[in-house]
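# Working through the structure, step by step
Each chain is listed here by its residues.
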Amino acid sequence: MSESREWLIQWLRDAHAMEEQAETMLSGQLGRLESYPDLSERIRAHLAETKEQARRLKSCLDGLEEGSSTLKDAGGKLTAMAQSISGVFAGDEVMKGSLASYTFEHMEIASYTILMAAAESVGEAEIARVCEQNLREEEAMAEWLKDNLPQVTETFLARADADTDSAKR
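Here's what I pulled together on the structure shown here. Since this is a predicted model, take the numbers as computed values, not measurements. (Residues numbered from 1 in each chain as written. Predicted model: local features only at pLDDT ≥ 70, side-chain atom pairs only at ≥ 80, totals over all residues. Heavy atoms only, no water.)

## Looking at helix H5 (residues 125-161)
Helix length check: H5 (37 residues) gives 53 Å between terminal C-alpha atoms against 54 Å at 1.5 Å per residue, within 8%. Where H5 bends most, the angle comes to about 45°, and this point is Asn 148, followed within four residues by the proline Pro 150. After H5 finishes, the residue Asp 163 shows a positive phi value of roughly 60°. (Helix = DSSP H or I, 4+ residues; strand = E, 2+ residues; numbered from the N terminus. Expected span 1.5 Å × (residues − 1). Bend = angle between axes of the 7 residues up to and from the residue.)

## Some thoughts on the packing of aromatic side chains
Applying the stated criterion across every chain, the model contains one aromatic pair. The aromatic ring of Tyr 36 is capped on one face by Arg 159, whose charged end is 4.7 Å from the ring centroid. (Phe/Tyr/Trp six-rings, centres within 6.5 Å; stacked < 30°, edge-to-face > 60°. Lys NZ or Arg CZ within 6 Å of the ring centre and 35° of its normal.)

## Structural notes on the layout of surface pockets
The gaps left among the atoms become clear once a water-sized probe is rolled over them. Its boundaries defined by the atoms lining it, the second largest pocket holds a volume of some 150 Å³. Lining the second largest pocket, in full, are Ser 35, Tyr 36, Pro 37, Asp 38, Leu 39, Trp 144, Asn 148, Gln 151, Val 152, Thr 155 and Arg 159. Elements with a minimum of two residues in the lining of the second largest pocket: helix H2 (37-63) and H5. The greatest single-element share of the lining of the second largest pocket, amounting to six residues, is contributed by H5. Split by residue class, the lining of the second largest pocket holds five nonpolar, four polar and two charged. (1 Å grid on protein atoms, 1.4 Å probe; cavity = no way out; pocket = protein on both sides within 12 Å on 5 of 7 lines; lining within 4 Å. Points joined across faces, edges and corners; volume = space filled by probe spheres on them. Nonpolar A, V, L, I, M, F, W, Y, C, P; charged D, E, K, R; others polar.)

## A word on a nonpolar patch on the surface
A contiguous nonpolar surface patch, about 290 Å² in accessible area, is contributed by Trp 7, Trp 11 and Ile 114. Structurally, Ile 114 is set in helix H4 (residues 93-121). Residue classification places Ile 114 among the partly exposed residues on the basis of a relative accessible area of 47%. (Patch = residues over 30% accessible without salt bridge, like charges linked within 9 Å, V, L, I, M, F, W, Y side chains within 5 Å. Areas by Shrake-Rupley, 256 points an atom, 1.4 Å probe, with all protein chains shown as cover. Salt bridge = Lys/Arg side-chain N within 4 Å of Asp/Glu carboxyl O. Buried < 20%, exposed > 50% of the residue type's maximum accessible area, 1.4 Å probe, protein only.)

## Overview of the nonpolar core
Ranked by size, the top nonpolar core spans 24 residues in total, and within it Leu 8, Leu 12, Ala 15, Tyr 112, Leu 115, Ile 127 and Cys 131 carry the most contacts. Elements represented by at least two residues in this core include exactly helix H1 (3-32), H2, H4 and H5. Filtering out sequence-adjacent residues up to four positions away, Leu 12 remains in contact with Leu 57, Cys 60, Leu 61, Leu 64, Leu 115, Ile 127 and Cys 131. Among the nonpolar cores identified, the runner-up in size contains 14 residues, and Leu 33, Tyr 36, Leu 39 and Val 152 belong to it. (Core = buried A, V, L, I, M, F, W, Y, C linked by side-chain atoms within 4.5 Å. Contact = heavy atoms within 4.5 Å.)

## A short note on the environment of Leu 26
Structurally, the position occupied by Leu 26 is in helix H1. What makes Leu 26 buried here is its relative accessible area of 2%. For the pair Leu 26 and Ser 40, spaced 14 residues apart in sequence, the C-alpha separation works out to 9.8 Å. Among residues more than four places away in sequence, those in contact with Leu 26 are Ile 43, His 46, Leu 47 and Thr 50.

## Concerning the pattern of salt bridges
Taken as a whole and assessed by the stated rule, the structure comprises twelve salt bridges. The partner of Arg 42 in a salt bridge is Glu 49, with the nearest N and O atoms 3.9 Å apart. The exposure class assigned to Glu 49 is partly exposed, which follows from its relative accessible area of 22%. As a salt-bridge pair, Lys 96 and Asp 92 come within 2.8 Å of each other at their nearest N and O atoms. Relative accessible area serves as the criterion here: at 22%, Asp 92 is assigned to the partly exposed category. Each of Glu 52, Arg 55, Arg 56 and Glu 137 takes part in salt bridges that share partners, so that together they form one network.

Read these as geometric descriptors, not functional statements.
Below, the structure written as structure tokens:
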């Protein structure tokens, strides 16, 4: 097997672990969002996309007769759980979660951009197509966050000024 193909497999495993981490992070965030229905609804929709993205990546790895990395998947989930738990103690949990989500989306965008180029380079057109599909979904989520973070911020600040418990979540 060529070294380029080995890198593609490693990066696919990394991306699968990344999606497992995203699923844990989004689930934790969603479970605590009570007062931001638009954000909650979009996260719920993206959580479904995230699960599908992980499934697609697993199919790519299975098609290459490779599996996902249990160790990388578990590590990603543990990291996401730690991030999720730490947010519980923040007075601005919704803002910290939004910041983390926006940042994570851009990491995913970069990952899928790399994977598309690698897949095309080694002649794996179907893997490139899958990565492009995942990329488009990540770009859409990042764009939604970009467009909606000002309103989430304004809502948070108005609630915080009114000293309501609903500001945090």
